[in-house]
Amino acid sequence: MTNKTKQLGQNFLIDNNIINKEIKRADVLESQIILEIGGGKGILTEALLQKAKKVICIELDKELFVHLKKKFQKQIQAKKLQLIQGDCLDVQIPYFDKCVANIPYSISSPLIFRLLEFKKPMYFMVQKEFAQRLFTKRGDKNYSSLGAVCSIYFDGHICFNVSKNVFRPVPKTDSAFVKLIPKEKIILSKKDEKKFISFLRHIFCHKKQNIKKTILNTGLFSKEKIEKIENEFTMTMKTYKFSAEEIYEIYKRLDVLG
Ligand code: SAM
């Protein structure tokens, strides 16, 4: 694999059955504008164009952008396809109804959180292991800060798993097609958002330790303060056994103590 292939996650899907399965599971409708991240050689773009009202496709790689421009010349002229060359984490994203994409795995997490603000359903091909971490629930040994953060913002699940052998070049791991629906109501207040997520990430670094210890390790709250709320929460329980909501309750109680 070349450096560019690796950096830009250029593992292209070669199996049309998987493409059809994605389109079906994402329930792409004739009335919808679909956002695609990373058009690549256009296998998914082509299928989306057959179903949707319009496709907006963002591709970072200049060579692939030129390839897509040639391949879909007619659809671009007919304004059925809007091609944007640039980094999907930076470019301005026009209105869309749904995002369906085989995304570059290295930016899975920032991309999901960038698209969150649009409050639209997202259907993504991601690394299988990443997909599992997204949807693990508290108490599971794989429950991580990613799963906890995801549960605050999204409902969703793994739609189906995909073998690594349907990509070229063949990546190291298998993939999974996931559905993420941004939640209407988020428990987290805007003012707490950044601080709480950083707190959550911090305490999950040692998720098998009890929560009293992991909170103490953040250096944000003193032992005295934590002990003041010990009768309200089971502070001796291991960190990964708490849901994000419960941890937020603890955080808020500690925060009001100043
Ligand atoms: N859609 C194609 C397919 O299904 O075969 C390609 C998918 S490939 C996994 C990911 C694509 O995203 C590549 O074409 C790559 O060049 C592009 N890409 C990588 N980083 C990007 C970024 N930051 N913004 C937009 N596109 C990006």
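Since the structure is predicted, the reported quantities are computational estimates derived from the model, not experimental observations.

What counts and how
- Residues numbered from 1 in each chain as written.
- Predicted model: local features only at pLDDT ≥ 70, side-chain atom pairs only at ≥ 80, totals over all residues.
- Heavy atoms only, no water.
- Salt bridge = Lys/Arg side-chain N within 4 Å of Asp/Glu carboxyl O.
- Helix = DSSP H or I, 4+ residues; strand = E, 2+ residues; numbered from the N terminus.
- Buried < 20%, exposed > 50% of the residue type's maximum accessible area, 1.4 Å probe, protein only.
- Contact = heavy atoms within 4.5 Å.
- Phe/Tyr/Trp six-rings, centres within 6.5 Å; stacked < 30°, edge-to-face > 60°.
- Near = heavy atom within 4 Å.
- Polar contact = N/O pair within 3.5 Å; in protein donor to acceptor, adjacent residues only side chain to side chain.
- Areas by Shrake-Rupley, 256 points an atom, 1.4 Å probe, with all protein chains shown as cover.
- 1 Å grid on protein atoms, 1.4 Å probe; cavity = no way out; pocket = protein on both sides within 12 Å on 5 of 7 lines; lining within 4 Å.
- Sits in = over half its atoms within 2 Å of the grid points.
- Nonpolar A, V, L, I, M, F, W, Y, C, P; charged D, E, K, R; others polar.
- Core = buried A, V, L, I, M, F, W, Y, C linked by side-chain atoms within 4.5 Å.
- Domains from an automatic or database assignment.
- Arc of directions from axis to C-beta.
- Axes fitted to C-alpha atoms, helices over the stretch in contact; angles between N-to-C directions.
- Parallel < 35°, antiparallel > 145°, perpendicular 65-115°, else oblique.

A. Quick peek at the pattern of salt bridges. Throughout the structure, instances matching the rule amount to ten salt bridges. One salt bridge connects Arg-133 with Glu-129, and the closest N-O pair in it is separated by 3.8 Å. Of this pair, Arg-133 and Glu-129 both sit in helix H7 (residues 128-135), four residues apart, roughly one helical turn. Classification of Glu-129 as exposed rests on a relative accessible area of 51%.

B. Region of the structure containing the environment of Val-178. Relative to the elements of secondary structure, Val-178 occurs in strand E9 (residues 175-182). Residue Val-178 is classed as buried on the basis of its relative accessible area of 0%. Separated by 52 residues in sequence, Val-178 and Val-126 place their C-alpha atoms 7.3 Å apart. Val-178 has contacts with Met-122, Tyr-123, Phe-124, Val-126, Ala-131, Phe-135, His-157, Ile-158 and Cys-159, leaving out every residue within four places of it along the chain.

C. Molecular detail of the environment of Ile-58. Structurally, Ile-58 can be placed in strand E3 (residues 54-59). For the pair Ile-58 and Ile-84, spaced 26 residues apart in sequence, the C-alpha separation works out to 4.7 Å.

D. How the structure looks around the packing of aromatic side chains. Across all of its chains, the model carries 13 aromatic pairs by this definition. Residues Phe-199 and Phe-221 carry aromatic rings whose centres are separated by 6.0 Å and whose planes lie at 80° to one another, so their mutual orientation is edge-to-face. Taken together, the residues span a long stretch of sequence, with Phe-199 in helix H9 (residues 193-203) and Phe-221 in the loop between helix H10 (211-218) and helix H11 (223-228) at a distance of 22 residues. Comparing Phe-199 with Phe-221 shows no difference in burial state: the two are buried. Among the aromatic residues, those joined into a cluster by ring pairs are Phe-196, Phe-199, Phe-221, Tyr-248 and Tyr-251.

E. The site of the ligand, seen in detail. Neighbouring the ligand are 23 residues, the closest being Gln-10, Gly-38, Glu-59, Asp-87 and Asn-102. Asp-87 is positioned with one of its side-chain polar atoms (N or O) 2.9 Å from a nitrogen atom of the ligand. Alone, the ligand offers 590 Å² of accessible surface; in the complex the protein occludes 97% of this. A molecule is said to occupy a pocket when more than half its atoms come within 2 Å of that pocket's grid points, and by this definition the ligand occupies the largest pocket. Counting residues per element, the ones that place at least two in the shell around the ligand are strand E1 (12-13) and E3. Its residues assigned to classes, the shell around the ligand comprises eleven nonpolar, eight polar and four charged.

F. Layout of the nonpolar core. Phe-124 and Ile-215 are the most contacted members of the largest nonpolar core, which has 58 residues in total. Domain assignment of the residues forming this core places at least three in each of domain 1 (3-182) and domain 2 (193-257). Beyond its immediate stretch of four places on either side in the chain, Phe-124 contacts Cys-99, Ala-101, Ile-103, Leu-111, Ile-112, Leu-115, Ala-176, Phe-177, Val-178 and Leu-180. With 29 residues, the next largest nonpolar core counts Ile-18, Leu-48, Tyr-105 and Phe-177 among its residues.

G. Representation of the side chain of Ser-108 in the model. On the secondary structure map, Ser-108 appears in helix H6 (residues 108-115). In this structure Ser-108 comes out as buried when scored by relative accessible area, which is 2%. Beyond its immediate sequence surroundings of up to four residues, Ser-108 is in contact with Ile-103, Val-126 and Phe-130.

H. Quick peek at H7. Listing the buried residues of H7 in full gives Phe-130, Ala-131, Leu-134 and Phe-135. Buried residues along H7 cover an arc of 120° about the axis, so they all sit on one side. Close packing links the buried residues of H7 with H6, strand E6 (122-127), helix H8 (145-153), strand E7 (154-162) and E9.

I. Main features of the packing of H7 against H8. For the pair H7 and H8, interaxial distance at closest approach is 6 Å and the crossing angle is 60°. Here H7 is positioned oblique relative to H8, judged by the angle of their axes. Here Phe-130, Arg-133, Leu-134 and Phe-135 of H7 lie close against H8, whose contacting residues are Leu-146, Gly-147 and Cys-150. Partitioned by chemical class, the residues of the contact of H7 with H8 number five nonpolar, one polar and one charged.

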